[in-house]
Amino acid sequence: MRAAVFDIGTNTVRVLEGSSGPAGVVEHFRDQRVVRLGEGVSGTGRFRPDAVERTLQGLWELRSQCGTLDVVDAVATSATRDATNREDFLGRAESILGVRPRVIEGVEEARLSFAGALSGADYDGLVTVIDVGGGSTEFVFGRSEVEYAASIDIGSVRITEEAVPSRPATPQELEQAGVWLAQRLEDLAIPEGETTVVGVAGTFTALGAIDLDLERYDREVVHQHRMSLGELRSVIQQLAGMTLAETAAIPSLPASRAEVLLGGALVATAALEAVGGDSVIISETDLLDGLLEAVLNRGN
């Protein structure tokens, strides 16, 4: 069976196409577009028309690159959960994808991210997966199964709009961002025990590529790269002092991610601190991988 799954996030739309093989899932195609669907949603509670058009164009481009499919599934996350005018968008997305995207809650998003992260490597003992999105960040703790999951409304787009809109960022904005994050993370429950922290999704992978000083993005090199808290803080200082144009010129970074990367770095670092970690392993397998595996397992 050949399937494609789509993730409609606050900042990006992504696709993963694959099929069932003797040794598990066989990946055929993976791509994304930075569309900023959630632009302005945290302030207005509504999608902007231009953001909807960008997102639909991105979905059309991704769907048109897929081959013949037996199954298509699509999920929408934080921005779509928050937008009061989502029904029109979901209907138009259905006309492109052939299925109506499912608006999933944060805990389901977290569970899919956990399954995807564990599909990409073997980790011993307790694992903490952190998925930094555009509108929300998911925290999942477990061993082979999820034992605790939480979704908190902190993300790269949300914090950029509410706390660090300037580039370069001012010291006052960075301080405000720290207070903003601390207030939202204070109720996060942390299971006891030594844990391996795994970071998934675009913020972490972009930060990993910067830390590795890659001349061009290389998924295989970034996968399983470990960053310490000190290295994350160093990247924050680097990004905070740069203009948008300077950030967009980083060779391993898609220029369209430049505006929200500092915000994402602040969220990622605060999230790692909140779970008591001193370093994070970056994983290239995430929610999409967990969703595709679930779809293919249902089909079999």
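Preceding block: the structure.
A few points on the structure. All of these numbers come straight from a predicted model, not from anything done at the bench.

On to the side chain of E138, then. Secondary-structure assignment places E138 in strand β7 (residues 137-142). Despite its burial, E138 pairs with no opposite charge, the nearest such side chain being R81 at 4.2 Å. Engagement of the side chain of E138 in a polar contact is seen with the side chain of S136, the distance being 2.9 Å. Setting aside chain neighbours within four positions, we find E138 in contact with R81, G106, E109, A110, V129, I130, D131, A150 and S151.

As a further point, take helix α8 (residues 202-211). Taken across its ten residues, α8 has nine buried, putting it largely inside the fold. Along α8, the residues that are buried comprise G202, T203, F204, T205, A206, L207, G208, A209 and I210. Of the residues one or two after α8, D213 is the one with positive phi, at around 60°.

This brings us to the sheet that holds strand β5 (residues 102-103). Pairing is mixed across the open sheet formed by five strands, whose spatial order is β3-β2-β1-β4-β5. Looking at which strands have only one partner, the edges of the open sheet turn out to be β3 (24-34) and β5. Judged from the ten bridges that link them, strand β2 (residues 12-21) and β3 form a sheet pairing that is antiparallel. Its bridge partner being in β3, G21 is matched across the sheet by G24.

About the thresholds
Just so you know, the residues in each chain are numbered from 1, in the order the chain's sequence is written. Local features in this predicted model are restricted to residues of pLDDT 70 or higher, and side-chain atom pairs are both shown and tallied only at a pLDDT of 80 or more, whereas totals for entire chains, interfaces and linings draw on every residue. With hydrogens and water stripped out, all remaining heavy atoms of the structure feed into the side-chain values. For helices the rule is a DSSP run of H or I covering at least 4 residues; for strands it is a run of E covering at least 2, with both sets numbered from the N terminus onward. For the exposure calls, accessible area comes from a 1.4 Å probe over protein chains only, and a residue counts as buried if that area is under 20% of its type's maximum, exposed if over 50%, partly exposed in between. In summary, the charge assignment counts Lys and Arg as positive and Asp and Glu as negative, without counting His or the chain termini. Salt bridges are defined as contacts in which a side-chain nitrogen from Lys or Arg sits within 4 Å of a carboxyl oxygen from Asp or Glu. Here a polar contact is taken to be a pair of N or O atoms separated by no more than 3.5 Å, where protein atoms must pair a possible hydrogen donor with a possible acceptor and residues adjacent in sequence count only if both atoms sit in side chains. By definition in these notes, contact holds between two residues if any of their heavy atoms fall within 4.5 Å. Only strands joined by at least two bridges in the DSSP assignment are considered to pair.

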